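The primary structure of each chain is shown beneath.
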Amino acid sequence: MANHRSYQIIASSARKDWSEVPALPVDQYLWLDNGYAPKVEVRSYYTAERLYVQFKVDESHPLVRYRQPNEPVYTDSCVEFFVQPLPGSDARYLNFELNAAGTLLLQLGEGRDRKYLEDAPPALFEIQTSYADREQHPDESGWELEFSIPFVWLSGLFPDFTVSSGQVLRGNFYKCGDETELPHYGSWNRVDSATPNFHLSASFGELVLE
């Protein structure tokens with residue numbers, strides 16, 4: 001069984017400077033022994049309206065091929081956030097997967113029984129990425145990506161979901177690149193599996209709303 005980590009997601013009355021938000025590491029690199037483990041930090045906070053997530057990735061020459069929603073971005077240089085809003089009563093979770101250019105793959109379900117949420121436009125999640133700058137400055141190392149999840153939209157999928165201090169969600173943060181020059185599979189909470197598989201909710205950590 002995985003050793004479950006816990007992360008306190010701070011509350012804010014308005015948009016916040018990311019430098020004021022505590023970071024967590026995506027530092028559990030599994031399944032491959034090629035020596036590649038890019039440094040990745042994640043930050044998250046919430047307001048009354050949205051949950052905000054930011055990834056900072058130390059990765060040179062990210063691979064970006066896919067530009068259309070729900071294409072297989074996990075084979076590019078990719079970051080992912082899986083979240084289970086109601087872990088005590090609903091086994092379903094959302095998987096947000098985004099390559100360095102911000103192309104989004106979004107699904108809802110449990111394990112391998114998931115469906116694409118094709119009626120959720122990517123603009124809903126306010127995706128921002130530094131990759132455009134990277135294309136103009138190819139010698140710079142690292143890229144950043146942020147997005148946000150509207151609670152009104154989330155409540156439409158999980159009608160019993162409410163936002164309150166002390167509420168516990170479960171989830172995991174990942175960094176991967178199945179077909180990059182140096183393939184890699186990194187997670188925040190360690191995944192208890194002998195083979196590559198991020199879709200194991202038993203290995204999610206706790207996300208506690210402050």
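A brief look at the structure comes next.

Reading the values: the criteria
Residues numbered from 1 in each chain as written. Predicted model: local features only at pLDDT ≥ 70, side-chain atom pairs only at ≥ 80, totals over all residues. Heavy atoms only, no water. Helix = DSSP H or I, 4+ residues; strand = E, 2+ residues; numbered from the N terminus. Rg over C-alpha atoms; globule rule 2.2 N^0.38 Å. Buried < 20%, exposed > 50% of the residue type's maximum accessible area, 1.4 Å probe, protein only. Contact = heavy atoms within 4.5 Å. Areas by Shrake-Rupley, 256 points an atom, 1.4 Å probe, with all protein chains shown as cover. Lys, Arg positive; Asp, Glu negative; His and termini not counted. Charge placed at Lys NZ, Arg CZ, Asp CG, Glu CD. Polar contact = N/O pair within 3.5 Å; in protein donor to acceptor, adjacent residues only side chain to side chain. Core = buried A, V, L, I, M, F, W, Y, C linked by side-chain atoms within 4.5 Å. 1 Å grid on protein atoms, 1.4 Å probe; cavity = no way out; pocket = protein on both sides within 12 Å on 5 of 7 lines; lining within 4 Å. Points joined across faces, edges and corners; volume = space filled by probe spheres on them. Nonpolar A, V, L, I, M, F, W, Y, C, P; charged D, E, K, R; others polar. Pairing = 2+ DSSP bridges.

## Remarks on the overall build of the protein
On a plain count of helices and strands, the protein comes out with two helices and 14 strands. The globule rule puts the C-alpha radius of gyration for 210 residues at 17 Å, and the 16 Å found for the protein is close to it. Counting only C-alpha atoms and orienting by the principal axes, one finds that the protein spans roughly 45 × 40 × 35 Å. Taking all 210 residues of the protein together, 51% fall into the buried category. Put simply, 63% of the contacts in the protein that link residues at least 6 apart link residues at least 24 apart. Carbon and sulfur atoms make up 46% of the accessible area of the protein, which totals about 9800 Å². If you average the places of the 17 positive and of the 31 negative side-chain charges in the protein, the two averages end up 2 Å apart.

## What to know about the side chain of Q28
Examined against the element boundaries, Q28 turns out to sit in strand β3 (residues 28–29). Q28 sits in the buried class, given a relative accessible area of 18%. Of the polar contacts made by the side chain of Q28, one reaches the side chain of D27; its length is 3.3 Å. Those residues in contact with Q28 that lie beyond four places of it in its chain are R5, Y185, G186, S187, W188, N189 and R190.

## Comments concerning the nonpolar core
Ranked by size, the top nonpolar core spans 47 residues in total, and within it F81, L94, F96, W153 and F173 carry the most contacts. The dominant element in this core, judged by the number of residues it contributes, is strand β5 (residues 50–57), at five residues. The residues touching F96, leaving out its near neighbours within four places in the chain, are V79, E80, F81, F82, L104, L105, L106, F125, F147, I149 and W153. V73, C78, F82 and L105 belong to the second-largest nonpolar core, a separate cluster that totals 12 residues.

## What about the layout of surface pockets?
Here the largest pocket defines a volume of roughly 270 Å³. Where the lining of the largest pocket is concerned, the elements lending two or more residues are β7 (93–99), β8 (104–110) and β9 (113–116). In terms of residue class, the lining of the largest pocket is built from seven nonpolar, four polar and five charged. Empty space within the second largest pocket amounts to approximately 180 Å³. Y36, E59, S60, H61, P62, L63, S77, T180, E181, L182 and H184 together form the lining of the second largest pocket.

## Here's the deal with the side chain of Q167
Here Q167 is to be found in the loop between α2 (151–157) and β12 (168–176). Classification of Q167 by relative accessible area gives buried; the value is 13%. Apart from residues lying up to four places away in sequence, Q167 is in contact with P85, F161, T162, L207, V208 and L209.

## Observations regarding the pairing of strand β4 (residues 40–46)
Among the seven residues that make up β4, six are buried, leaving the element largely enclosed by the rest of the structure. Where strand β1 (residues 6–11) and β4 come together, two bridges link them in parallel fashion. Bridging across to β4, I10 finds its partner in Y45. Of the strand pairs in this sheet, strand β2 (residues 23–25) and β4 are connected by three bridges, and their pairing is antiparallel. Counterpart to P25 in the pairing with β4 is E41. Bridge count between β4 and β5: seven bridges; the pairing is antiparallel. Across the sheet, Y46 pairs through a bridge with L51, a residue of β5. Adjacent in sequence and paired antiparallel, β4 and β5 are bridged by three residues.

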